[in-house]
Amino acid sequence: MMDDDRLFKQRWKDEGPSLPKAPRDLSAKVWGRLKPRPRLRAWVWRPVLGALLLSVGYWLGQRQSAGQSEVRFRLSAPRASQVALSGSFNGWQPQPMHREGGDWVLDLRLKPGRHHYVFVLNGKRSLPDPEGGDAELNGSGEAQSVLYLPKTQAL
Amino acid sequence: MPRPLDDESLIRAASQGDEQAFQRLMDHYQGYVFGLCSRVCRNRADAEEAAQECFVSFYQHLHRWRPGAKLSNWLYTIALNKCRHLLRRRKLRRMLSLDFSPEGQAPIQPADTTWSPAERAEQSQLRGQLALAASNLPAVSRELFVLRYDLDLEMDEIAAITGRRPEAVRVGLHRARTQLRGLLKAQGLDVTAWGLGDREEKEA
């Protein structure tokens, strides 16, 4: 059997057909399958995405603050040791004011609409704004100043 | 015969991302791999597909290379598996299209489309007849035949590549030779003139 195999091998080598040649672009096609498409590198898209997100955040911030108004709250209380502002715009959480001469002041940016507020002297006594215009009584019968801010045109 | 020189260092370089090293390996082995695929698949498009898949798979599994192993045999194993997969797919497609003609009993016809027209013209009449007969062998015989007579591999190498026992490879090759002679006779070729007819008749 092996003799026949050897003889056949020799015959096939001498007279048999050669193997078909590989196409020239075979390796190029293999590379094409190994590297389908160049991907956008992380060092390119990450800064671009970061800048885009920052721009969107800035734009949203601008848009939100566009309709707000700057309001200065002022109370003349030279003998008070501590004054805070408490109102519907800060959830009635007393917000410390700072001294400016004999006055206590606080600057805030507020949305348009009706706001209620009082000053809290020395952490105890609530006082409506003596220079404020309107005042209303709350459910407990305590007076609260009313601040009305009209809508301003967005930027 | 594939040359195992430097394969190891090229594979090591390729597995570390050296594309030139992988290109050199492809340049060296693509002829053998495509030859094997074309003989087994008998169809140029399928052979190209199988050869491409073979190299892609080879690249993706470079890290599995065991130093000391023969690269050509590893590639032939991958290529053969890809060809078998393609043939199975083709068979399934044929079954789905309700064509149940068994491949082994296919009529003698120019089934092999792996040669380009220029290559076909270069083949002598005898070579053309032999190629035609070889391409009409059943799939298992084609595999063994190309590994033994075209790629010049030893029996134990063929056994390892095809996943058969060496004895089964010997028997399979004997069957393949017998089938080839039968096909050559059916093609009207004088097998005796090729120096094999008497021996075969005696064995029979």
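Look above for the structure.
Notes on the structure follow. (Residues numbered from 1 in each chain as written. Chains lettered and ligands numbered in written order. Predicted model: local features only at pLDDT ≥ 70, side-chain atom pairs only at ≥ 80, totals over all residues. Heavy atoms only, no water.)

Another point: the overall build of chain B. Across its full length, chain B carries 10 helices and 0 strands. When the helices and strands of chain B are placed in sequence order, the string is α-α-α-α-α-α-α-α-α-α. Residue burial in chain B is summarised as follows: out of 204 residues, 46% are buried. Long-range pairs, those at least 24 residues apart, make up 66% of the contacts in chain B between residues at least 6 apart in sequence. A total of about 10100 Å² of accessible surface is found on chain B, and carbon and sulfur atoms cover 51% of it. (Helix = DSSP H or I, 4+ residues; strand = E, 2+ residues; numbered from the N terminus. Buried < 20%, exposed > 50% of the residue type's maximum accessible area, 1.4 Å probe, protein only. Contact = heavy atoms within 4.5 Å. Areas by Shrake-Rupley, 256 points an atom, 1.4 Å probe, with all protein chains shown as cover.)

A few words on the pattern of salt bridges. Where charged atoms from two side chains of opposite charge come close, those side chains can pair. With the rule as written, the count across this model stands at 22 salt bridges over all chains. Two residues, A:Glu100 and A:Arg72, come together in a salt bridge whose shortest N-O distance is 3.3 Å. Of this pair, A:Glu100 sits in strand 4 (residues 98-100) while A:Arg72 sits in strand 1 (residues 69-76); the two residues are 28 residues apart in sequence, bridging distant segments of the chain. In this structure, B:Arg90 and B:Asp46 form a salt bridge, with 2.9 Å as the shortest nitrogen-oxygen distance. Of this pair, B:Arg90 sits in helix 4 (residues 71-96) while B:Asp46 sits in helix 3 (residues 44-60), and the two are 44 residues apart along the sequence. Side by side, B:Arg90 and B:Asp46 carry an identical accessibility label, which is buried. What emerges from the salt-bridge pattern is a single network uniting A:Asp4, A:Asp5, B:Arg148, B:Arg177 and B:Arg181. (Salt bridge = Lys/Arg side-chain N within 4 Å of Asp/Glu carboxyl O.)

Accessible area lost during the coming together of the parts is what is often quoted as the interface size. Chain B puts 48 residues into the contact, and the matching count from chain A is 28 residues. When chain B packs against chain A, close to 3700 Å² is buried across both sides, 61% of that on carbon and sulfur atoms. Viewed at the interface, chain A and chain B are joined by 8 salt bridges. Viewed at the interface, chain A and chain B are joined by 15 residue pairs in polar contact (both at pLDDT 80 or more). Of all the secondary structure elements, the ones that give two or more residues to the side of chain B that touches chain A are helix 2 (19-41), helix 3, helix 6 (125-135), helix 7 (139-150), helix 9 (166-186) and helix 10 (197-203) of chain B. Per element, the largest residue contribution to the side of chain B that touches chain A is 10 residues, and it comes from helix 2 of chain B. Its residues assigned to classes, the side of chain B that touches chain A comprises 20 nonpolar, 10 polar and 18 charged. (Buried area = accessible area lost by both parts, 1.4 Å probe. Polar contact = N/O pair within 3.5 Å; in protein donor to acceptor, adjacent residues only side chain to side chain. Nonpolar A, V, L, I, M, F, W, Y, C, P; charged D, E, K, R; others polar.)

Residue and element names in this part refer to chain A. Spatially, the 3 strands line up as an open sheet ordered 1-5-4, and their pairing is antiparallel. Edge positions in the open sheet fall to strand 1 and strand 4, since each of these has one partner strand only. Put simply, the sheet's adjacent strands are angled 40° from each other on average, direction ignored. Alignment of strand 4 against strand 5 (residues 103-110), held across 3 bridges, turns out to be antiparallel. By the bridge assignment for strand 5, Arg-99 is matched with Trp-104. (Pairing = 2+ DSSP bridges. Axes fitted to C-alpha atoms, helices over the stretch in contact; angles between N-to-C directions.)

Turning to the pairing of strand 5 of chain A, a few remarks are in order. All names here are of chain A. For strand 5, the buried fraction is high: 6 of the 8 residues fall into the buried class. In this sheet, strand 5 lies alongside strand 1 in antiparallel orientation, the contact comprising 8 bridges. Directly across from Ser-69, in strand 5, lies its bridge partner Leu-110. Taking the residues that link successive antiparallel strands as the turn, the strand 4-strand 5 hairpin has 2 residues, and the phi of Gly-101 there is positive, at about 70°.

All names here are of chain B. All chains considered together, the criterion is met by 1 cavity of 30 Å³ or more. Counted as a void, the largest cavity has a volume near 40 Å³. Contributing to the lining of the largest cavity are Arg-39, Ala-134, Leu-137, Arg-142, Phe-145, Val-146 and Asp-150. The greatest single-element share of the lining of the largest cavity, amounting to 4 residues, is contributed by helix 7. Tallied by class, residues from the lining of the largest cavity come to 4 nonpolar, no polar and 3 charged. (1 Å grid on protein atoms, 1.4 Å probe; cavity = no way out; pocket = protein on both sides within 12 Å on 5 of 7 lines; lining within 4 Å. Points joined across faces, edges and corners; volume = space filled by probe spheres on them.)

Further remarks concern the packing of helix 6 of chain B against helix 9 of chain B. All names here are of chain B. The interhelical angle for the contact between helix 6 and helix 9, taken along N-to-C directions, is 125°, at an axis separation of 9 Å. Regarding the angle of helix 6 to helix 9, the classification is oblique. Pair helix 6 / helix 9 crosses with right-handed handedness. Counted together, Gln-129, Leu-130, Ala-133 and Ala-134 of helix 6 and Leu-180, Leu-183 and Leu-184 of helix 9 form the full contact between these two elements. Across the contact of helix 6 with helix 9, the residue classes break down as 6 nonpolar, 1 polar and no charged. (Parallel < 35°, antiparallel > 145°, perpendicular 65-115°, else oblique. Left-handed = near helix turned anticlockwise from the far one by under 90°.)

Inspection of the entire model under this criterion finds 14 aromatic pairs over all chains. Judged by centre distance (5.0 Å) and plane angle (50°), the ring pair of A:Phe8 and B:Tyr149 falls under tilted. In this pair, A:Phe8 sits in helix 1 (residues 2-15) while B:Tyr149 sits in helix 7, so the two residues belong to two different chains. Classification of A:Phe8 by relative accessible area gives buried; the value is 0%. Overall, B:Tyr149 belongs to the buried group, its relative accessible area being 5%. When the ring of A:Phe73 is compared with that of A:Tyr117, the centres are 4.9 Å apart and the planes differ by 70°; the resulting orientation is edge-to-face. Within this pair, whereas A:Phe73 is found in strand 1, its partner A:Tyr117 is found in strand 6 (residues 113-121), the two being separated by 44 residues in sequence. The residues A:Phe73 and A:Tyr117 share a single accessibility class, namely buried. By way of ring pairs, the aromatic residues A:Trp31, B:Phe22, B:Phe58, B:Tyr59, B:Trp65 and B:Trp74 are connected into one cluster. (Phe/Tyr/Trp six-rings, centres within 6.5 Å; stacked < 30°, edge-to-face > 60°.)

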